[in-house]
Amino acid sequence: MFRHRRHSEVPSLNTSSTADISFMLLIFFLVTSSMDAGKGLRRQLPPPPQPDEQVADIQREDIITVELSAAGELTLEGEAVTTAELQQRVEQFAAVSPHRRVVALKVSPQATYDAYFQLQNTLVAAYRPLKCQPRVSELVEEGEKGGVAP
């Protein structure tokens, strides 16, 4: 007599609720995790010039030039300085007449955002005791594509 062999079948898994569970886990992790806010500068930009507004002439002695190289080195009027020295010298420069003085920035396109943020914060800290906003002029060298590299 022949015995009939039954082929044993592997029982199938019930996967109907796995999509629901994965979406619930996704929502749980989205709600409970914290998102890092991007870096940025909190600055109030000056209003656009009015059509009847006249441009003021700026004397050379009222402009100070700050350069930020690709390596993150700061120079003030061609002289290498640290951020503390920069803040002190800009404070002295602006203390004479803060509303007439202009800080001209020359930033290399290869400079990092972090170095640029530190430079901006140093300039704002220098003007903070004077209770006014710094007048900053961005200089773009010809032949270079503008912007600060990430």
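The structure under discussion appears in the preceding block.
Residues numbered from 1 in each chain as written. Predicted model: local features only at pLDDT ≥ 70, side-chain atom pairs only at ≥ 80, totals over all residues. Heavy atoms only, no water.

S.K.: Looking at this model, I keep getting lost on the packing of aromatic side chains. Mind explaining?
M.R.: Geometrically, a pair of aromatic rings is defined through the distance of the ring centres and the angle of the planes. The final tally for this structure, using the stated rule, is 2 aromatic pairs. On the numbers, 5.3 Å between centres and 70° between planes, the contact of Phe28 with Phe29 is edge-to-face. Judged by its relative accessible area of 46%, Phe28 falls in the partly exposed class. With a centroid separation of 6.1 Å and an interplanar angle of 15°, the aromatic rings of Tyr113 and Phe117 are classed as stacked. Placement of both Tyr113 and Phe117 in helix α3 (residues 113-127) is noted, with a separation of 4 residues, approximately one turn of the helix. You can call Tyr113 partly exposed: its relative accessible area is 39%. (Phe/Tyr/Trp six-rings, centres within 6.5 Å; stacked < 30°, edge-to-face > 60°. Buried < 20%, exposed > 50% of the residue type's maximum accessible area, 1.4 Å probe, protein only. Helix = DSSP H or I, 4+ residues; strand = E, 2+ residues; numbered from the N terminus.)

S.K.: Please clarify how unusual backbone geometry should be interpreted in this entry.
M.R.: With the exception of glycine, the majority of residues adopt a negative phi angle, and the majority of peptide bonds are in the trans configuration. Residue Glu77 is not a glycine yet carries a positive backbone phi of 55°. As for its position among the elements, Glu77 is in the loop between β2 (74-76) and β3 (79-81).

S.K.: Whenever I open this one, the environment of Gln120 confuses me. Can you help?
M.R.: If you trace the backbone, Gln120 turns up in helix α3. For the pair Gln120 and Leu105, spaced 15 residues apart in the sequence, the C-alpha separation amounts to 9.7 Å.

S.K.: Can you help me understand the environment of Glu79 in this one?
M.R.: Looking at the element boundaries, Glu79 is found in strand β3. According to the relative accessible area criterion, Glu79 is partly exposed, its value standing at 43%. Note: C-alpha distance between Glu79 and Glu67 (12 residues apart in sequence) is 9.5 Å. When near neighbours in sequence (up to four residues on either side) are disregarded, Glu79 contacts Leu74 and Arg89. Within the structure, Glu79 has its side chain in polar contact with the side chain of Arg89 (distance 3.4 Å). (Contact = heavy atoms within 4.5 Å. Polar contact = N/O pair within 3.5 Å; in protein donor to acceptor, adjacent residues only side chain to side chain.)

S.K.: Honestly, the pairing of strand β1 (residues 63-68) in this entry has me stumped. Any pointers?
M.R.: Every regular strand shows the same layout, with side chains that alternate between the two sheet faces. As defined by bridge partners, β1 adjoins strand β4 (residues 102-107) across 6 bridges and the pair is classed as parallel. Counterpart to Glu67 in the pairing with β4 is Lys106. Between β1 and β2, which pair antiparallel and follow one another directly, the connecting turn spans 5 residues, one of which, Gly72, has a positive phi of 90°. (Pairing = 2+ DSSP bridges.)

S.K.: I'm lost on α3 in this one. Help?
M.R.: Three or four residues apart is the spacing at which side chains of an α-helix point the same way, because the helix has 3.6 residues per turn. Taking 1.5 Å as the rise per residue, α3 with 15 residues should run 21 Å; its terminal C-alpha atoms sit 21 Å apart, in good agreement. Counting buried residues in α3 gives 11 out of 15 residues, a clear majority hidden from the surface. For α3, the full list of buried residues reads Ala115, Tyr116, Phe117, Leu119, Gln120, Thr122, Leu123, Val124, Ala125, Ala126 and Tyr127. (Expected span 1.5 Å × (residues − 1).)

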